[in-house]
Amino acid sequence: MSGATFDFSDRVAVITGAAGGIGGALAELLARSGASVVLADLDETAVSARAAALAGLPGRAIGVGLDAADPESIDGLVDVVRERFGRIDLLVPSAGVYPESLVAETSDEQWRSVQRINLDGVFMLIKRAIPLMRSGASIVNLTSVAGHRGSYGHAHYAASKGGLIAFTRTLALELGPQGVRVNAVSPGIIDTAMTADARAAKGDEWIAATPLRRDGTPEEIASTIAFLLSDAASFVHGEVVHVNGGLFMAG
Ligand SMILES: NC(=O)c1ccc[n+]([C@@H]2O[C@H](COP(=O)([O-])OP(=O)(O)OC[C@H]3O[C@@H](n4cnc5c(N)ncnc54)[C@H](O)[C@@H]3O)[C@@H](O)[C@H]2O)c1
């Protein structure tokens, strides 16, 4: 559990997957730190409730329904942000899916569906957000240890996250001269709904492979993302930060 504090007063943040574990923890941290936060998710009811629950914090929070794989839906989100706030300072596309399927049993459509949400969706959102981002703005993508090492039974997921690493670095080359920083975080095993089934099936094995001998919390990923978004990381650019209790190093 992280008690990190930051000052994001007067910043406008957009987080997708904000009804989820990591996006939700980040939304709470940024709103507590003074940012206006737009929480977007496929689950519009959940994300609106989460935004309402942040009402007592210094930053304003609004919830918006979004299908991160649908260009028209992304257009709708960017329109809302442009109309309500006029700009984006902090952008974290956290929406993602983690289905299980061996390559030999994965249909073409299952493969495409994962790429559409995890990879195409990030490209489509960032491309549309760029005109709203000024010097000093910052993007953090959510990759995964799977994007570096592969992940048995999750080739479509691993490929999407490996693609995001290359996308992040290329974006850093293109946006750096405009003063927009771009980085990524690669979490290990984090205690959220995404990994609940897998942790139930092989949690002991994963914990044994993790030198800190536990899963991470969404708050521990959120605080690393917030650091990368903050001025404390003003010269950190084009990096992929591992947060995994030592799992990556030990493996
Ligand atoms: N939990 C982990 O161990 C872990 C590890 C590595 C990387 N990550 C990455 O972190 C990010 C957040 O994961 P999490 O653990 O918070 O997962 P989560 O399942 O708790 O949250 C994911 C959120 O994405 C939303 N979502 C799914 N499809 C969507 C779509 N088409 N449009 C909009 N929203 C959609 C879901 O409704 C959910 O609220 C993901 O990109 C994930 O791949 C997580």
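Residues numbered from 1 in each chain as written. Predicted model: local features only at pLDDT ≥ 70, side-chain atom pairs only at ≥ 80, totals over all residues. Heavy atoms only, no water.

**Student:** Just to check I follow, could you spell out the overall build of the protein for this structure?
**Tutor:** Summing up its helical and strand segments, the protein has 9 helices and 7 strands in all. For 251 residues, the compact-globule estimate of 2.2 N^0.38 gives 18 Å, and the protein sits close to it at 17 Å. Split into buried and exposed, the 251 residues of the protein put 51% on the buried side. Across the protein, 20 positive and 28 negative side-chain charges occur, with their mean positions spaced 5 Å apart. (Helix = DSSP H or I, 4+ residues; strand = E, 2+ residues; numbered from the N terminus. Rg over C-alpha atoms; globule rule 2.2 N^0.38 Å. Buried < 20%, exposed > 50% of the residue type's maximum accessible area, 1.4 Å probe, protein only. Lys, Arg positive; Asp, Glu negative; His and termini not counted. Charge placed at Lys NZ, Arg CZ, Asp CG, Glu CD.)

**Student:** Even after reading the chapter, I still don't get the nonpolar core, so can you show me in this structure?
**Tutor:** Soluble globular proteins tend to pack their nonpolar side chains together in the buried interior. One finds V38, L77, I88, L91, M133 and I139 to be the most contacted residues of the largest nonpolar core, which totals 32 residues. Sorting the residues of this core by element identifies strand 1 (12–16), strand 2 (36–41), strand 3 (61–65), helix 3 (71–84), helix 4 (108–129) and helix 6 (155–175) as the ones contributing at least two each. With 30 residues, the next largest nonpolar core counts F8, L30, A51 and L228 among its residues. (Core = buried A, V, L, I, M, F, W, Y, C linked by side-chain atoms within 4.5 Å.)

**Student:** Sorry, what's going on with unusual backbone geometry here?
**Tutor:** Excluding glycine, residues mostly carry a negative phi; peptide bonds, for their part, are mostly trans. Although it is not a glycine, D10 sits at a positive phi angle of roughly 70°. In this structure, R213 takes a positive phi of about 55° despite not being glycine. Residue position: R213 is located in the loop between helix 7 (196–209) and helix 8 (218–229).

**Student:** Can you help me understand the packing of aromatic side chains in this one?
**Tutor:** Enumeration over the complete set of coordinates arrives at 3 aromatic pairs. With 5.8 Å between their ring centres and 25° between their planes, F6 and F8 make a pair best called stacked. According to the relative accessible area criterion, F6 is partly exposed, its value standing at 21%. Here F8 falls in the buried class, since its relative accessible area comes to 0%. Ring geometry for F123 and F167: centres 6.3 Å apart, planes at 75°, overall edge-to-face. Residue F123 is located in helix 4, and its partner F167 is located in helix 6; the two are separated by 44 residues in the primary sequence. (Phe/Tyr/Trp six-rings, centres within 6.5 Å; stacked < 30°, edge-to-face > 60°.)

**Student:** How should the packing of helix 3 against helix 4 be read in this particular structure?
**Tutor:** Two measures define how a pair of helices packs: the angle their axes make with one another and the distance between the axes. One way to put it is that helix 3 packs onto helix 4 with a least axis distance of 10 Å and a crossing angle of 35°. For the pair helix 3 and helix 4, the sense of crossing is right-handed. Within the contact between the two elements, helix 3 uses P71, I74, D75, L77 and V78 and helix 4 uses G121, M124, L125 and R128. Tallied by class, the residues present in the contact of helix 3 with helix 4 amount to 6 nonpolar, 1 polar and 2 charged. (Axes fitted to C-alpha atoms, helices over the stretch in contact; angles between N-to-C directions. Left-handed = near helix turned anticlockwise from the far one by under 90°. Contact = heavy atoms within 4.5 Å. Nonpolar A, V, L, I, M, F, W, Y, C, P; charged D, E, K, R; others polar.)

**Student:** I tried to follow the sheet that holds strand 3 on my own but got confused; where do I start?
**Tutor:** Two orientations exist for strands paired in a sheet by backbone hydrogen bonds: parallel and antiparallel. A sheet is described by the order of its strands in space; here 7 strands give the open sequence 3-2-1-4-5-6-7, paired in parallel fashion. The open sheet terminates on both sides in strands that have one partner only, identified here as strand 3 and strand 7 (240–243). Neighbour-to-neighbour, the strand axes of the sheet open up by a mean angle of 15°, direction not taken into account. Pairing of strand 2 with strand 3, which is carried by 5 bridges, proceeds in the parallel orientation. Looking at strand 3, one finds that D41 is bridged to G65. (Pairing = 2+ DSSP bridges.)

**Student:** Please clarify how the site of the ligand should be interpreted in this entry.
**Tutor:** Residues in contact with the ligand amount to 28 residues; listed here are only the nearest, I22, D41, A68, Y157 and T192. Between the ligand and the protein, one listed contact pairs a nitrogen atom with a side-chain N or O atom of D67 at 3.1 Å. Take T192: an N or O atom from its side chain is 2.6 Å from an oxygen atom of the ligand. About the coverage of the ligand: the protein hides 91% of its 820 Å² of free accessible area. At the level of elements, helix 1 (21–32) and helix 6 are the ones that each hand at least two residues to the shell around the ligand. Of the residues assigned to the shell around the ligand, the class counts are 15 nonpolar, 10 polar and 3 charged. (Near = heavy atom within 4 Å. Polar contact = N/O pair within 3.5 Å; in protein donor to acceptor, adjacent residues only side chain to side chain. Areas by Shrake-Rupley, 256 points an atom, 1.4 Å probe, with all protein chains shown as cover.)

**Student:** Would you take a moment to explain the pairing of strand 3 for this structure?
**Tutor:** Within a regular beta strand, the side chains point alternately toward one face of the sheet and then the other, so they alternate between its two faces. With burial as the criterion, only one face of strand 3 is covered, namely that bearing I62 and V64; the residues A61, G63 and G65 on the opposite face remain uncovered. In this region the chain leaves strand 2, passes through helix 2 (residues 44–53) and returns to the parallel neighbour strand 3; the handedness of that crossover is right-handed. (Right-handed = clockwise from strand over helix to strand, strands pointing away.)

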